[in-house]
Amino acid sequence: RVHGDTTLMLPSKQPTAARPADDAFGDFFAGAASNGPTLRPSAAPAAAAPSSMLGFEAFGGEAGGAAAAVGEHLLREGVSRWRSNIDRFVDLKTLRFYFQVSNSYVLNKFKRLALPFVYSNWAPRGSGLGIDGVERRLPPRDDINAPDLYIPSMAFVTYILVTSLAYGVKQSFTPDVLGNTASAGLLALAYEVLVLKLGFYLLAASLPLGLLDAVALSGYKFVSIIVVTLFGLTLGPRGFYAALAVTGSLMSVFLVRTLSCYWGGDGGGVFAPSKRNYFMLVVIANQFAVLWLMGKYV
């Protein structure tokens, strides 16, 4: 004991001479100063590690390459089956045709939706006869009268967001609003497409109305629904009904003049006495009914 303290000495086989502190710490980390544990592994295991690791990496590389090849094959087969199933219902090449738009087309299309009564030419332009003898249409970016699916799809998404905003302002928004709004919009779209297709079938129009044409023409209504919803949200019931009257009238003029081209007309003489007039009246009534229901839905 030295002054009441106990001094413990580490056991060693041979006494060593005193060294500077730096040398002592250097020997400790090098594993040469004492018989205690060191921070550096022994030489034998370090030499044996590379051989085992090389064998594992080689095995892993072969297995990984085989798994990647199998996965790539399954992915290609799955994509091929998916595209074949989609092609049974929708021709992807035809679908892409309706999305060939440009900035000028979108701007001019909105002008036609907002002021349809100032335009006189509504007939889509053709690009000539194909090899099968069928008239080919120009894509939307080259023909302002061609229906597209870009504006309806963007308007549909915006309609869901605006409706969610309206529910949020009323402090009644829940995640279910998104799904319910999308379902209501798709239901309204399917209803009007059914009316258009059935009317063209029963009245035997001179030009057939394709399914995607009907979807595009019906989908433009979401632009009007957005306007009606925003006016109702900001100005109340009076703003809602004022916007309903204006947008319903504009959408009716737009559809009547567009559909008249499928009957072999140039946009005029739509209200001549015939069964076609009753069909047009049904189309006009649908505009106001759907706008009122979708606006009131909020």
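Residues numbered from 1 in each chain as written. Predicted model: local features only at pLDDT ≥ 70, side-chain atom pairs only at ≥ 80, totals over all residues. Heavy atoms only, no water.

> How should the overall build of the protein chain be read in this particular structure?
In terms of regular secondary structure, the protein chain is built from nine helices and two strands. In the protein chain, the order of α-helices and β-strands from amino to carboxyl end is α-α-α-α-β-β-α-α-α-α-α. Restricting to contacts in the protein chain with at least 6 residues of sequence separation, those with at least 24 account for 69%. Only carbon and sulfur atoms are counted for the fraction: they give 66% of the accessible area of the protein chain, which is about 19100 Å². (Helix = DSSP H or I, 4+ residues; strand = E, 2+ residues; numbered from the N terminus. Contact = heavy atoms within 4.5 Å. Areas by Shrake-Rupley, 256 points an atom, 1.4 Å probe, with all protein chains shown as cover.)

> Just to check I follow, could you spell out the nonpolar core for this structure?
A general tendency of soluble globular proteins is for nonpolar side chains to be buried together. Ranked by size, the top nonpolar core spans 45 residues in total, and within it Tyr159, Phe200, Tyr220 and Phe254 carry the most contacts. Elements supplying a minimum of two residues to this core: α4 (103–114), α5 (150–169), α6 (176–203), α7 (211–219), α8 (221–260) and α9 (275–297). It is α8 that contributes the most residues to this core, 13 residues altogether. When neighbours within four sequence positions are excluded, Phe254 is seen to be in contact with Lys109, Arg112, Leu113, Pro116, Trp122, Leu217 and Tyr220. Counting five residues, the second largest nonpolar core, distinct from the first, contains Phe97, Tyr98, Leu149 and Ala216. (Core = buried A, V, L, I, M, F, W, Y, C linked by side-chain atoms within 4.5 Å. Buried < 20%, exposed > 50% of the residue type's maximum accessible area, 1.4 Å probe, protein only.)

> Whenever I open this one, unusual backbone geometry confuses me. Can you help?
It is generally the case that most residues other than glycine have a negative phi and that most peptide bonds are trans. Residues other than glycine seldom take positive phi values, yet Gln171 does so here, at roughly 60 degrees. Tracing the backbone through its elements, the reader meets Gln171 in the loop between α5 and α6. On the basis of relative accessible area, Gln171 is assigned to the exposed category, the value being 75%.

> I'm lost on the environment of Phe110 in this one. Help?
Relative to the helices and strands, Phe110 resides in helix α4. Considering only alpha carbons, one finds Phe110 and Ile151, 41 residues apart in sequence, at a separation of 8.9 Å. Discounting chain neighbours no more than four positions away, the residues touching Phe110 are Ile151 and Val223.

> Please clarify how α6 should be interpreted in this entry.
Given 3.6 residues per helical turn, the α-helix brings residues three or four places apart onto the same face. Over its 28 residues, α6 extends 41 Å from the first C-alpha to the last, a length consistent with the 40 Å expected when each residue adds 1.5 Å. A positive backbone phi angle near 50 degrees is found at Ala204, which sits one or two residues after α6. (Expected span 1.5 Å × (residues − 1).)

> Looking at this model, I keep getting lost on the confidence of the model for the protein chain. Mind explaining?
Low-confidence regions, as indicated by low pLDDT, have predicted coordinates that should not be scrutinised in detail. Overall, the prediction assigns the protein chain a mean pLDDT of 76, with 67% of residues at 70 or greater. Least confident of the elements in the protein chain is helix α1 (residues 21–30), whose mean pLDDT is 45; most confident is α4, at 95. When the criterion is pLDDT under 50, residues 128–133 qualifies, and its contacts beyond four places in sequence or with other chains add up to six contacts. (pLDDT = per-residue confidence, 0-100.)

> What should I look at first to understand the pattern of salt bridges in this one?
Opposite charge on two side chains makes pairing possible when the charged atoms of those side chains draw close. One pass over the structure, following the stated rule, counts three salt bridges. A salt bridge links Arg141 to Asp142; its shortest N-O distance comes to 4.0 Å. For Arg141, a relative accessible area of 43% corresponds to the partly exposed category. On the accessibility criterion, Asp142 (37% relative accessible area) is partly exposed. Here Lys221 ties to Glu192 by a salt bridge, and the two come within 2.1 Å at their closest N and O atoms. A residue pair is termed long-range when its members are at least 10 positions apart, and Lys221 in helix α8 and Glu192 in helix α6 qualify at 29 residues. Relative accessible area serves as the criterion here: at 2%, Lys221 is assigned to the buried category. (Salt bridge = Lys/Arg side-chain N within 4 Å of Asp/Glu carboxyl O.)

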